[in-house]
Amino acid sequence: MKKINTAVFPVAGLGTRFLPATKAAPKEMLPVVDKPLIQYAVEEAYAAGIRHMVFVTGRNKRAIEDHFDTAYELENELQTQGKQALLDLVRSVQPSDMDCTYVRQSHALGLGHAVLCAEHLTGGAPFAVLLADDLMIGPAGGASVLAQMVQAYERLGNSVIAVQEVPQDQVRRYGIVVGQPDGERLLNISQIVEKPTPEKAPSRMAVAGRYILTNAVYEQIRQQPRGAGGEIQLTDGIAGLLHHERVHAYQYEGKRYDCGSKEGFLEATVELALQHPEVGAGFRDYLRALNVKI
Ligand code: UTP
């Protein structure tokens, strides 16, 4: 079985829910406490053993490229000032054994289209897709969500998609899957639909922004007409894949924050700030003293 070596990060969306913050900067560079969303996702992929990161960028690509590159002036300055801990922190963003490649999606035609832009960079092998605006925190002391999925892929040998159950009134925000239980935390998917209405949703099992996909998905995406919202949907490509291959849904262990929405972003900020080794204790005291009446 082929190892998962490449992760694709589609970061070319318009991020309209976060305007004006996303007018000139990609939403994936928004920081939760002190780290941009994209760095959480890259660290998750790295922790899953992946060393080749492919970013599908849009018109605001500079900030992401710069973030994962050497920052000569900053590093020199920190070195001169003897600020070793900060220097190590800055350098740790791009480990020496990690490669980054950038490809441009010139029109935001949808997530499926963005993934297709990475086809020539995944080498015909299965690959991971991470949507950085879904911030995934694995269980304390346990494997990251993508690492759990890589383990499932290594057992099954087919595509694996992260899912979680959501309330009925939220199904219209997600891809929704139906499948037969097939081992611990696993469903063998029989159907997948993008953003159904609550009345039409075949289940409440919603796709989260983590995927391991076989190379065959590209051909399926190519065959799709424009779907929900006039975009080329990854979900429709996966639906096509179901006619040819098994695809499993994996109910991950951990927590997902929908940082593409203001509410999710605020929840992540508060919860991760409370856990932060440097500011957590002080922030907890601050929230207590705030004594908000709700
Ligand atoms: P979203 O559905 O969150 O869309 O995309 P968006 O444009 O980023 O944000 P809103 O809804 O306007 O606020 C899901 C993921 O797919 C990427 C986004 O960057 C995000 O990670 N994406 C989406 C692309 O890379 N290209 C696209 O054409 C669409």
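This text goes with the structure placed above it.
Residues numbered from 1 in each chain as written. Predicted model: local features only at pLDDT ≥ 70, side-chain atom pairs only at ≥ 80, totals over all residues. Heavy atoms only, no water.

## Structural notes on the overall build of the protein chain
Definition in use: For the purposes of this entry, the term helix denotes a DSSP run of H or I that reaches at least four residues, the term strand denotes a run of E that reaches at least two, and both are numbered from the N terminus. Just to be clear, the radius of gyration here is over C-alpha atoms, and the globule rule we use is 2.2 Å times residues to the power 0.38. Only protein chains enter the calculation, and the probe is 1.4 Å; a residue is then buried if its accessible area is under 20% of its type maximum, exposed if over 50%, and partly exposed in between. Shrake-Rupley sampling with a 1.4 Å probe provides the accessible areas, and residues are treated as covered by the protein chains on show and by no other component. Note that His is not counted, nor are the chain ends; the positive residues are Lys and Arg, and the negative ones are Asp and Glu. Taken as the charge location is NZ of Lys, CZ of Arg, CG of Asp or CD of Glu.
Broken down by element type, the protein chain carries 10 helices and 13 strands. Computed over its C-alpha atoms, the radius of gyration of the protein chain comes to 19 Å, within 12% of the 19 Å expected for a compact globule of 294 residues. When its C-alpha atoms are laid out on the principal axes, the protein chain stretches across 60 × 50 × 35 Å. Each of the 294 residues in the protein chain was classed as buried or not, and the buried ones make up 47%. With an accessible surface of roughly 14,800 Å², the protein chain has 51% of that area assigned to carbon and sulfur atoms. Taken as two groups, the 30 positive and 34 negative side-chain charges of the protein chain have centres that lie 4 Å from each other.

## Let's talk about the site of the ligand
The test is simple: The rule for a residue being near a molecule or strand is that one of its heavy atoms must lie within 4 Å of it. Pairs of N or O atoms are called polar contacts if they sit within 3.5 Å, as long as, within protein, a hydrogen donor faces a hydrogen acceptor (for residues adjacent in sequence, only side-chain-to-side-chain pairs). Residues are grouped as follows: Ala, Val, Leu, Ile, Met, Phe, Trp, Tyr, Cys and Pro are nonpolar; Asp, Glu, Lys and Arg are charged; every other residue, Gly included, is polar.
Close contacts around the ligand come from 17 residues, with Thr 16, Arg 17, Lys 27, Gln 105 and Gly 110 the closest. One nitrogen or oxygen atom from the main chain of Leu 109 is found 3.3 Å from an oxygen atom belonging to the ligand. Contact distances for the ligand include 3.4 Å between an oxygen atom and a side-chain N or O atom of Asp 133. Contact with the protein chains removes 84% of the 570 Å² of surface that the ligand exposes when unbound. For the shell around the ligand, the per-class residue count stands at 8 nonpolar, 5 polar and 4 charged.

## What to know about the pairing of strand S12 (residues 247–251)
Our working rule: Pairing between two strands requires that DSSP report at least two bridges joining them.
Buried residues dominate S12, accounting for 4 of its 5 residues. Where strand S8 (residues 159–165) meets S12, 5 bridges bridge the pair, whose relative direction is parallel. In the sheet register, Ala 162 faces S12, and the bridge partner there is Tyr 250. Pairing of strand S10 (residues 186–194) with S12, which is carried by 3 bridges, proceeds in the antiparallel orientation.

## Brief notes about the pattern of salt bridges
Put simply, the test is: One side-chain nitrogen of Lys or Arg within 4 Å of one carboxyl oxygen of Asp or Glu is enough to make a salt bridge.
One pass over the full model with this rule turns up 12 salt bridges. Measuring nitrogen to oxygen at the nearest pair gives 2.8 Å for the salt bridge that ties Glu 119 to Arg 222. Of the two residues, Glu 119 is situated in the loop between helix H5 (111–116) and strand S6 (127–130) and Arg 222 in helix H7 (residues 217–222); the sequence distance between them amounts to 103 residues. With a relative accessible area of 43%, Arg 222 lands in the partly exposed category. As a salt-bridge pair, Glu 271 and Lys 255 come within 3.1 Å of each other at their nearest N and O atoms.

## Comments concerning the packing of helix H9 (residues 262–275) against helix H10 (residues 280–290)
Put simply, the rule reads: Only C-alpha atoms enter the line fits that serve as axes; for helices the fit covers just the stretch in contact. Angles between N-to-C directions range over 0 to 180 degrees. Here roughly perpendicular refers to angles of 65 to 115 degrees, roughly parallel to angles under 35, roughly antiparallel to angles over 145, and oblique to all remaining angles. We call two residues in contact whenever any of their non-hydrogen atoms come within 4.5 Å of each other.
Two elements in contact, H9 and H10, have axes whose closest approach is 6 Å; the angle formed by their N-to-C orientations is 120°. Classed by the angle they form, the pair H9 and H10 counts as oblique. Between H9 and H10, the contacting residues are Val 270, Ala 273 and Leu 274 on the first element and Gly 280, Phe 283, Arg 284 and Leu 287 on the second. Among the residues forming the contact of H9 with H10, the class breakdown is 5 nonpolar, 1 polar and 1 charged.

## Brief notes about unusual backbone geometry
With the exception of glycine, the majority of residues adopt a negative phi angle, and the majority of peptide bonds are in the trans configuration. A cis geometry characterises the amide bond from Leu 19 onward to Pro 20, with omega recorded as 5°. Within the fold, Pro 20 resides in the loop between strand S1 (6–11) and strand S2 (31–32). The backbone phi angle of Val 33 is positive, close to 65°, even though this residue is not glycine. Its relative accessible area of 33% is what places Val 33 among the partly exposed residues.

## Here we look at a nonpolar patch on the surface
For the record, the criterion: Patch building starts from residues that exceed 30% relative accessible area and form no salt bridge, then joins like charges within 9 Å and nonpolar side chains (Val, Leu, Ile, Met, Phe, Trp, Tyr) within 5 Å.
Side chains of Val 270, Tyr 286, Leu 287, Leu 290 and Val 292 sit close together on the surface and give an oily, nonpolar patch of about 420 Å² of accessible area. The element best represented in the nonpolar patch is H10, accounting for 3 residues. Along the chain, the position of Val 292 falls in the segment after H10.

## Here's the deal with the nonpolar core
Just so we agree on the cut-off: Within this scheme, the nonpolar core is defined by two criteria: the residues are buried Ala, Val, Leu, Ile, Met, Phe, Trp, Tyr or Cys, and they are joined through side-chain atoms within 4.5 Å.
Within the largest apolar cluster, 34 residues are counted, with the highest numbers of intra-cluster contacts made by Phe 9, Met 53, Phe 55, Leu 146 and Ile 212. Counting only elements with at least two residues in this core, the list comes to S1, helix H1 (37–47), strand S4 (52–57), S6, helix H6 (145–156), S8 and strand S11 (205–213). Take this core: its biggest share by element is 7 residues, from H6. The residues touching Ile 212, leaving out its near neighbours within four places in the chain, are Ile 4, Phe 127, Ala 128, Leu 146, Met 149, Val 150, Tyr 153, Ser 159 and Val 160. By size, the runner-up hydrophobic cluster in this structure holds 32 residues, among which are Ala 114, Ile 189, Tyr 211 and Ile 221.

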